[in-house]
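# A look at the structure
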Amino acid sequence: MQNPARVQNTSEFLKKNKNEAFTPKVGIVLGTGLGGLVDAVSIQSTISYADIPDFPQSTVASHKGQFILGTLGGTPVMLQQGRCHLYEGYSPEDVCMGVRTMAAMGVTTLIITNAAGALNPAWTPGDLMAITDHINFTGKSPLTGYNHDEWGPRFPDMSRPYDGELIELAMQKATQLGIRLERGVYAGVQGPQMETPAETRMYKAVGADAVGMSTVLEVIAARHMGLRVLGISCLTNKNLPDCMQDAPLEEVIRVANLAGGRLASLIEAVATDLNDTTISPYQ
Ligand code: HPA
C-alpha cells in the first residue's frame, strides 16, 4: 500500500536534521558491498535509519542503514546506504520507503545499484552492467491498493523504465574511464534462496541477462513518481544453468568490494555531469 503520511513524516524528520538550504538532486541507492562511493562524497549530514521514527531497518549484516546527504562532484546528492528486501519479510511499501523519501526530499534522478548474478556466459564476475530494462518476478508491486494521485498515476507507464540518455551518459563516462560496462535486462526475484538450474535456464530464456533480489520494486515506485532512473548491476557471480556454482554472501560481498572502486568512479563521473548538463525532460 502507498502511505504518503509515513513518507512525509520521514522526509520532515530528515529535513529537520539537515542543513536548511540543502536540496538533494540525485538519489543514489548503494547495493551489497558497494558502499565505497561514500568516500567520494563531501558529507553534510548522516542520519541512521535507527534514529528515524517508523523507518524500516535492514536486517542484512552487510547493509549499513543510513542516509547520507552531501555533494558528489559538486552535485547535491542523497545516498541510501543499505536497503530493505522482500526476503527479509518487508512489504513492498517498506522496500520503497527509501526511494519515496528521497523523491519527497527533492531528488529528481535516481541512480540505483545492486549485486546480481550474470546469466550471460561471456561476462566475468566483477563486471558492471547498465540495466536497460527489467522483469519483475517478485509477484509484488508497490502500487497495489489505493493510489496516491499526487505521487503519480494509477497505471504508470513502464515502456521506458530506465532512462536512455542516462544509459548513454554512463556508457560515455565508462569509455572515458576505461571501465567495461555491459548492458542488459535485470530479473528481480524475491529470494532469499538462490536460483535452481531450471529457474536460471528460464530467466535466460525469457530474456534476462542478470538476476538479483532487489531494485525492481524501487524502480516502479521511482517511475510512478516521475524520477529518471539509471540502474547499474555489479555482476558478482556467474549464474549458469549447466555449471551452477555456489555464490555465498561472502563471495558476493568480496566481488562487489573489488568492483566498488570502478562503480564509484563511474557514478561520480555521471553525477558530476548531472549538476551542469541539462538532460532533456524524460521522454
Ligand atoms: N542470484 C540472485 N541474487 C544474486 C545473485 C544471484 O546469482 N548474485 C547476487 N545476488
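Starting afresh in each chain, residues are numbered from 1 along the sequence in its written order. Given that this is a predicted model, residues contribute local features only at a pLDDT of at least 70 and side-chain atom pairs are listed and counted only at 80 or more, while totals for whole chains, interfaces and linings are drawn from all residues. Values reported for side chains reflect all heavy atoms of the structure, with hydrogen atoms and water molecules removed beforehand.

### A closer look at the overall build of the protein chain
The numbering of helices and of strands both runs from the N terminus, where a helix is a DSSP run of H or I of at least 4 residues and a strand a run of E of at least 2. Looking only at helices and strands, one finds seven helices and nine strands in the protein chain. Every radius of gyration here is taken over C-alpha atoms, with the globule rule written as 2.2 Å times N^0.38, N being the number of residues. Its C-alpha atoms give the protein chain a radius of gyration of 18 Å, near enough to 19 Å, the size a compact globule of 283 residues would have. With respect to the three principal axes, the spread of C-alpha positions in the protein chain is 55 × 45 × 40 Å. Per-residue accessibility, obtained with a 1.4 Å probe over protein chains only, is compared with the maximum for each type, and a residue is labelled buried under 20%, exposed over 50%, and partly exposed between these values. The buried share among the 283 residues of the protein chain stands at 58%. Here the accessible surface of atoms and residues is derived via Shrake-Rupley with a 1.4 Å probe, and residues count as covered only by protein chains that are part of the display. As presented, the protein chain carries roughly 11600 Å² of accessible surface, and 51% of it is formed by carbon and sulfur atoms. Asp and Glu are treated as the negative residues and Lys and Arg as the positive ones, with His and the ends of the chain left uncounted. For the purpose of locating charges, the reference atoms are NZ of Lys, CZ of Arg, CG of Asp and CD of Glu. Averaging the positions of the 21 positive and the 28 negative side-chain charges in the protein chain gives two centres separated by 2 Å.

### Remarks on the pairing of strand β6 (residues 128-136)
Where a strand is regular, its side chains alternate between the two sheet faces. Two strands make a pair as long as DSSP finds a minimum of two bridges between them. Note that β6 and strand β7 (residues 181-188) share eight bridges and pair parallel. Bridge pairing in β7 places His134 opposite Tyr186. In this structure, β6 lies alongside strand β9 (residues 228-238), joined through three bridges in antiparallel fashion. The residue bridging Ala130 from the neighbouring strand is Ile232, located in β9.

### Overview of the layout of surface pockets
By volume, the largest pocket is sized at about 400 Å³. Only protein atoms enter the 1 Å grid used here. Points where a 1.4 Å probe fits but cannot escape make up a cavity, open sets with protein on both sides within 12 Å along at least five of seven lines make up a pocket, and a residue lines them when an atom lies within 4 Å of a point. In terms of lining residues, the largest pocket is bounded by 26 residues, among which Thr32, Ala115, Met194, Met213 and Val252 are the most central. No other element matches strand β5 (residues 109-118), which puts four residues into the lining of the largest pocket. Here the nonpolar group is Ala, Val, Leu, Ile, Met, Phe, Trp, Tyr, Cys and Pro; Asp, Glu, Lys and Arg are the charged ones; every other residue, Gly included, is treated as polar. Taken together, the residues that form the lining of the largest pocket break down as twelve nonpolar, twelve polar and two charged. Grid points are joined across faces, edges and corners, and a volume is the space filled by probe spheres set on the points.

### A look at the packing of aromatic side chains
Between 30 and 60 degrees the pair is tilted, below 30 it is stacked and above 60 it is edge-to-face, where a pair is any two Phe, Tyr or Trp rings, Trp via its six-membered ring, whose centres lie within 6.5 Å. Summed over the entire model, instances satisfying the criterion amount to four aromatic pairs. Note on Tyr49 and Phe55: the rings are 4.9 Å apart at their centroids and 50° apart in plane angle, and the pair reads as tilted. Residue Tyr49 is classed as buried on the basis of its relative accessible area, which comes to 2%. Each ring, one from Phe55 and one from Phe67, has its centre 5.4 Å from the other, and the planes form 65°; the classification is edge-to-face.

### Remarks on the site of the ligand
If even one non-hydrogen atom of a residue comes within 4 Å of a molecule or strand, that residue is called near it. By nearness alone, every residue bordering the ligand is listed as Ala115, Ala116, Gly117, Met194, Glu195, Val211, Gly212, Met213, Thr236, Asn237 and Asn239. A distance of 3.5 Å separates a nitrogen atom of the ligand from a polar atom in the backbone of Ala115. Contact distances for the ligand include 2.7 Å between a nitrogen atom and a side-chain N or O atom of Glu195. Being in a pocket or cavity means that more than half of the molecule's atoms lie within 2 Å of its grid points. Counting atoms within 2 Å of the grid points, the majority share of the ligand lands in the largest pocket. Distance and chemistry together define a polar contact, namely a pair of N or O atoms within 3.5 Å, with one atom able to donate a hydrogen and the other to accept it when in protein, and with adjacent residues in sequence counting only for side-chain atoms on both sides.

### Some details on the environment of Lys25
Considering the arrangement of structural elements, one finds Lys25 in the loop between α1 (4-16) and β1 (26-30). A C-alpha to C-alpha distance of 24 Å links Lys25 and Ala115, two positions 90 residues apart in sequence. Contact definition: two residues touch when any of their heavy atoms are within 4.5 Å. Setting aside anything within four residues of it in sequence, one finds Lys25 in contact with Pro76, Gly106, Val107, Thr108, Thr109, Leu274 and Asn275. A polar contact is formed between the side chain of Lys25 and the backbone oxygen of Asn275, at a distance of 3.4 Å.

### Quick notes on the confidence of the model for the protein chain
Low pLDDT means the predicted coordinates in that region are not meant to be read closely. Per-residue confidence from the predictor is given as pLDDT, running between 0 and 100. Scored by pLDDT, the protein chain has a mean of 92; 96% of the residues are at 70 or more. Low pLDDT (under 50) marks residues 279-283, which in the prediction has 16 contacts with non-local residues, meaning those over four places away or in another chain.

### Examining the nonpolar core
Counting 79 residues, the largest nonpolar core has Ile28, Leu110, Leu128 and Leu181 as the members making the most contacts within it. Here the element with the most residues in this core is helix α7 (residues 249-276); it accounts for nine residues. Setting aside its immediate chain neighbours within four residues, Leu181 contacts Leu128, Met129, Ala130, Ala170, Met171, Ala174, Ile232 and Leu266. We define the nonpolar core as a collection of buried residues of types Ala, Val, Leu, Ile, Met, Phe, Trp, Tyr and Cys that are connected through side-chain atoms lying within 4.5 Å of one another.

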